[in-house]
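# Notes for the structure review
This is what each chain is made of:
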Amino acid sequence: MEMGLKATLNNFASNVNQNAQVQRLTKNWTVDINLQCTDQDEQFLIVVNQGQVVEIKELNDCTEQERKETILLRTHTDCFMDIFEGRCNPAIASLEGDLQVFGNEQHSIKLDAIALILWGFH
């Protein structure tokens, strides 16, 4: 059975929250990560507070954003699935133009580092 994007994001959140090395890297990190799918009308918000993924919301369920620290990621659903399941390096996807990243570059670097820790891209 193929997982949907929300299930994939929940699995990613669990991996992030349970990985000691990721937690050391992100202990003071608080950000809202907005995911916009370009191939369908699906958007998600990943809420990170002090390095813990505390919530994943479908964006149509969200009211006003709670924090000013945000990053926007935009790509097609399959690319998001590949990134958050560890089959695709987000830094490479961004360099190749498959993933658009908007916002503070520090947040993007942190996401790339999390991917390296979780999946060890070469």
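Right above here is the structure, for reference.
Just so you know, the residues in each chain are numbered from 1, in the order the chain's sequence is written. Two thresholds apply to this predicted model, a pLDDT of at least 70 for residue-level local features and 80 or more for giving and counting side-chain atom pairs, whereas whole-chain, interface and lining totals are computed over all residues. To get the side-chain values, take all heavy atoms of the structure and skip hydrogens and water.

### Quick word on the overall build of the chain
So the rule is basically this: In DSSP terms, a helix is any run of H or I states spanning at least four residues, a strand is any run of E spanning at least two, and both are numbered starting from the N terminus. Throughout, the radius of gyration refers to the C-alpha atoms, and the reference size of a globule is 2.2 Å times the residue count to the power 0.38. Using a 1.4 Å probe on the protein chains alone, a residue whose accessible area is under 20% of its type maximum counts as buried, one over 50% counts as exposed, and one in between counts as partly exposed. Per-residue and other accessible areas follow the Shrake-Rupley method at a 1.4 Å probe size, with only the shown protein chains counted as cover for residues. Only four residue types enter the tally: Lys and Arg on the positive side, Asp and Glu on the negative side, with His and both chain ends excluded. Note that the charge is assigned to NZ on lysines, CZ on arginines, CG on aspartates and CD on glutamates.
Across its full length, the chain holds 5 helices and 5 strands. Reading the chain from its N terminus to its C terminus gives the helix and strand order α-α-β-β-β-β-α-α-β-α. Taken over the C-alpha trace, the chain has a radius of gyration of 13 Å; the compact-globule value for 122 residues is 14 Å, and the two agree within 12%. Here the chain holds 122 residues, and the buried ones make up 43% of them. Summed over all atoms, the accessible surface of the chain reaches about 7,000 Å², with 45% contributed by carbon and sulfur. Once the 9 positive and 18 negative side-chain charges of the chain are each reduced to a mean point, those two points are 11 Å apart.

### Structural notes on helix α5 (residues 105-119)
For the α-helix, the turn length of 3.6 residues means that residues three or four positions removed from each other point alike. Under the convention used in this document: How far a helix is expected to stretch is found by multiplying one less than its residue total by 1.5 Å. Contacts are residue-level and defined by heavy atoms, with any inter-residue pair within 4.5 Å sufficient.
A rise of 1.5 Å per residue sets the reference length of α5, with its 15 residues, at 21 Å; its end C-alpha atoms lie 21 Å apart and thus fit the reference within 8%. Among the structural elements, α1 (5-18), α2 (20-26), β1 (31-37), β4 (70-75), α4 (90-95) and β5 (100-103) are those in contact with the buried residues of α5. Just past α5, the residue Gly120 takes up positive phi, approximately 55°.

### Observations concerning the environment of Ile114
Its location among the elements puts Ile114 in helix α5. On the basis of relative accessible area, Ile114 is assigned to the buried category, the value being 1%. Spatially, the C-alpha atom of Ile114 lies 20 Å from that of Glu96, the residues being 18 residues apart in sequence. Among residues more than four places away in sequence, those in contact with Ile114 are Phe12, Val16, Val22, Leu25, Thr26 and Trp29.

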